[in-house]
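A look at the structure
Residues per chain are reported as follows:
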Amino acid sequence: KYQYMDDELIKFGMPRYSHINKAAKPKNRILFAPSWRSYFAANETANTYNINLETFKNSDYYIGFKKFLNDKNLWKVLKKSGVVIDVKMHPIIRDHVSDLFDFGCENINIVKGDVNLEDYKAFVTDFSSFVFDFAYLCRPIMYYVPDYAQFKSGMNLYRELDLPFEKAFGPFVTDASSAAKELSKLIENGFKCEEIYKDRMENFYLPLENCEENIYNYVFNNMAKPE
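Residues numbered from 1 in each chain as written. Predicted model: local features only at pLDDT ≥ 70, side-chain atom pairs only at ≥ 80, totals over all residues. Heavy atoms only, no water.

Our focus in this paragraph is the overall build of the chain. Within the chain, the regular secondary structure consists of nine helices and eight strands. Taken along its principal axes, the extent of the C-alpha atoms in the chain is 65 × 45 × 30 Å. Evaluated residue by residue, the chain yields a buried proportion of 42% over its 227 residues. For the chain, the proportion of contacts with a sequence separation of at least 24, taken over those separated by at least 6, is 74%. Accessible surface for the chain amounts to roughly 13,300 Å². Of this, 49% is attributable to carbon and sulfur atoms. Across the chain, the mean location of the 29 positive side-chain charges is 7 Å away from that of the 32 negative side-chain charges. (Helix = DSSP H or I, 4+ residues; strand = E, 2+ residues; numbered from the N terminus. Buried < 20%, exposed > 50% of the residue type's maximum accessible area, 1.4 Å probe, protein only. Contact = heavy atoms within 4.5 Å. Areas by Shrake-Rupley, 256 points an atom, 1.4 Å probe, with all protein chains shown as cover. Lys, Arg positive; Asp, Glu negative; His and termini not counted. Charge placed at Lys NZ, Arg CZ, Asp CG, Glu CD.)

Formed by 39 residues in total, the largest nonpolar core has its most connected members in I30, F68, I85, I93, I108 and L183. Of all the secondary structure elements, the ones that give two or more residues to this core are β1 (29-32), α2 (60-69), α3 (72-81), β4 (84-87), α4 (91-97), β6 (122-125), β7 (141-144) and α7 (176-188). A total of six residues in this core trace back to one element, the largest contributor, which is α7. With 21 residues, the next largest nonpolar core counts A135, I141, Y143 and F151 among its residues. (Core = buried A, V, L, I, M, F, W, Y, C linked by side-chain atoms within 4.5 Å.)

At a minimum axis distance of 8 Å, the contact between α2 and α7 shows a crossing angle of 40°. As α2 runs across α7, the sense of the crossing is right-handed. Residues G64, K67 and F68 of α2 lie in contact with α7, whose contacting residues are A176, A179, A180 and L183. Class assignment of the residues belonging to the contact of α2 with α7 gives a composition of five nonpolar, one polar and one charged. (Axes fitted to C-alpha atoms, helices over the stretch in contact; angles between N-to-C directions. Left-handed = near helix turned anticlockwise from the far one by under 90°. Nonpolar A, V, L, I, M, F, W, Y, C, P; charged D, E, K, R; others polar.)

A separate point is the side chain of T125. Along the chain, T125 falls in strand β6. According to the relative accessible area criterion, T125 is buried, its value standing at 0%. A polar side-chain atom of T125 sits 2.7 Å from the main-chain carbonyl oxygen of A33. Of the polar contacts made by the side chain of T125, one reaches the side chain of D126; its length is 3.4 Å. Apart from the residues within four sequence positions on either side, T125 is in contact with F32, A33, P34, M142, Y143 and Y144. (Polar contact = N/O pair within 3.5 Å; in protein donor to acceptor, adjacent residues only side chain to side chain.)

The values are spatial; any link to function lies outside them.
Have a look at this one:
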């Protein structure tokens, strides 16, 4: 799809997968990690962004995610099951907006540091690249995009994904109520992944064994030797 020639690729997979243990037993937790949006986070320098908080607070992104995480019926399911949702905001906006998400449920909390993906039974996102790690782990994924109209209009950096939602690894919803119901159903079903999504996950990757070591050995053995 990206027009690479076969001799331009090293087909050993990403090194990060050498560090993900598929056999690890997850905790009773869900990771919610949405991406950011360029229409409320303007680039100031190469490494810093200026967040327009008024634009953010009035956005469907913020309103939709906050409504989803404050759904009272979802809270009941979380408390009954003992499941905890860890909310991990994208680093570009995290320090600016995390305080705007206040929850009245002790089973939902903001995390500001790194997380161990293996600790989570399921993953909720809009289009964070973490989704590929959870597909590798073959754990349930749900896509929730509260600002889908803005996304499709091109207000963000792009208006479509290389892996379309309808061909991806989990159910796709665009409103808070449906997101809360879908996640509640997943919890009550014991985090069982639907067969259609399980099949997509299991058949998505080439065999990924010793990715890091294979790449290292390939580069070491094929790099130009000094004369």
